[in-house]
Amino acid sequence: VAALALERWVFAGRWPLRFLSTVSLMLPELVLALSLLSWFALFGFELSLMTVIVAHVTLTLPFAVLVIAARLQTLDPSLEEAARDLGARESQILAKITLPLLLPGIGAAFVLSFLLSFDDFLVTFYTNGAGGDTLPVKLYSLMKTGLSPKVQALSDRKSTRLNSSHTDIS
């Protein structure tokens, strides 16, 4: 919806909103994580899985908007104009023309957002509450206390072979 609004409609604050969404792409993850932690503390939110979800949506939303907006720019506007000429309502145009043409961009945005979110450790580490460990935080805590077979099982075969060749026999 944000990509549609930024690409198709003219409204007050359009360019500042576009600027703010692209500036957040350039922020280092540590700055984003600490600023989100500060905002959560300022507004009195208890850190939990919900704050992790909000933080990851904040992290990945600009990427998704950018990918979907790029797909919107490649769409042929004459298809929507033809539907309007034939008497289609805006909701019908959105549901039957625009959305199906946007599905490749939405799929690409989903995959990119998932991979960025899955790979991110710092935002999860700083916005996670007690008892709600995600996989990256759990791996980090296991690495601090010592490597176990569980950590090796989660790694790939190459690093497993390297780790098993350096283990002590006791």
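Notes on the structure follow. (Residues numbered from 1 in each chain as written. Predicted model: local features only at pLDDT ≥ 70, side-chain atom pairs only at ≥ 80, totals over all residues. Heavy atoms only, no water.)

## Let's talk about the packing of helix α4 (residues 49–74) against helix α6 (residues 90–119)
We apply this condition: Note on method: axes are straight lines fitted to C-alpha atoms, helices fitted across the in-contact stretch only, with angles between N-to-C directions ranging 0 to 180 degrees. Numbering of helices and strands runs from the N terminus, with a helix taken as a DSSP run of H or I at least four residues long and a strand as a DSSP run of E at least two residues long. Two helices crossing with the near one rotated counterclockwise from the far one by less than a right angle form a left-handed crossing, whereas a clockwise rotation gives a right-handed crossing. Whether two residues touch is decided by their heavy atoms; if any such pair falls within 4.5 Å, the residues are in contact. Residue polarity is assigned by list, with Asp, Glu, Lys and Arg as charged and Ala, Val, Leu, Ile, Met, Phe, Trp, Tyr, Cys and Pro as nonpolar; anything else, Gly included, falls into the polar class.
Look at α4 against α6: their axes get within 8 Å of each other, and the N-to-C directions meet at 145 degrees. Considering only the axes of α4 and α6, their crossing is right-handed. Contact with α4, carried on its side by His 56, Leu 59, Thr 60, Phe 63, Ala 64, Val 67, Ile 68, Arg 71 and Leu 72, involves Thr 98, Leu 101, Leu 102, Pro 104, Gly 105, Ile 106, Ala 108, Ala 109, Leu 112, Ser 113, Leu 116 and Ser 117 of α6 and no other residues of that element. Taken together, the residues of the contact of α4 with α6 break down into 14 nonpolar, 6 polar and 1 charged.

## Description of the pattern of salt bridges
Operational definition: In what follows, salt bridge is the name for a side-chain nitrogen of Lys or Arg lying within 4 Å of a carboxyl oxygen of Asp or Glu.
For the coordinates displayed, the defined rule picks out 3 salt bridges. For Glu 7, the salt bridge identified is with Arg 18, shortest N-O distance 3.2 Å. With Glu 7 in helix α1 (residues 2–8) and Arg 18 in helix α2 (residues 14–26), this pair connects stretches of sequence that are 11 residues apart. Between Arg 84 and Glu 90 there is a salt bridge, with its nearest N and O atoms 2.7 Å apart.

## Things to note about the side chain of His 56
Heads up, the condition is: We call a residue buried when its accessible area falls under 20% of the maximum for its residue type, exposed when it is over 50%, and partly exposed in between, using a 1.4 Å probe and counting protein chains only. Identification of polar contacts relies on pairs of N or O atoms within 3.5 Å, with a donor-acceptor requirement for protein atoms, meaning one able to donate a hydrogen and the other able to accept it, and with residues adjacent in sequence counted only if both atoms are side-chain atoms.
Of note, His 56 is situated in helix α4. Using a relative accessible area of 9% as the deciding quantity, one classes His 56 as buried. Among the polar contacts made by the side chain of His 56, one reaches the side chain of Ser 117 at a distance of 2.7 Å. Contacts of His 56, omitting those with residues within four sequence positions, involve Ser 117, Asp 120, Val 123 and Thr 124.

## A few points about the packing of aromatic side chains
Basically, it comes down to this: When two rings of Phe, Tyr or Trp (its six-membered ring) have centres within 6.5 Å they constitute a pair, described as stacked for plane angles under 30 degrees, edge-to-face for angles over 60, and tilted for the intermediate range.
Overall, the coordinates contain 5 aromatic pairs when judged by the stated rule. Pairing Trp 39 with Phe 43 gives two aromatic rings, centres 5.3 Å apart and planes at 15 degrees, and the pair type is stacked. Under the relative-accessibility criterion, Trp 39 is labelled partly exposed at 48%. Aromatic pair Phe 125 and Tyr 126: ring centres 5.6 Å apart, planes at 80 degrees, arrangement edge-to-face. Members of the aromatic cluster, connected to one another through ring pairs, are Phe 121, Phe 125 and Tyr 126.

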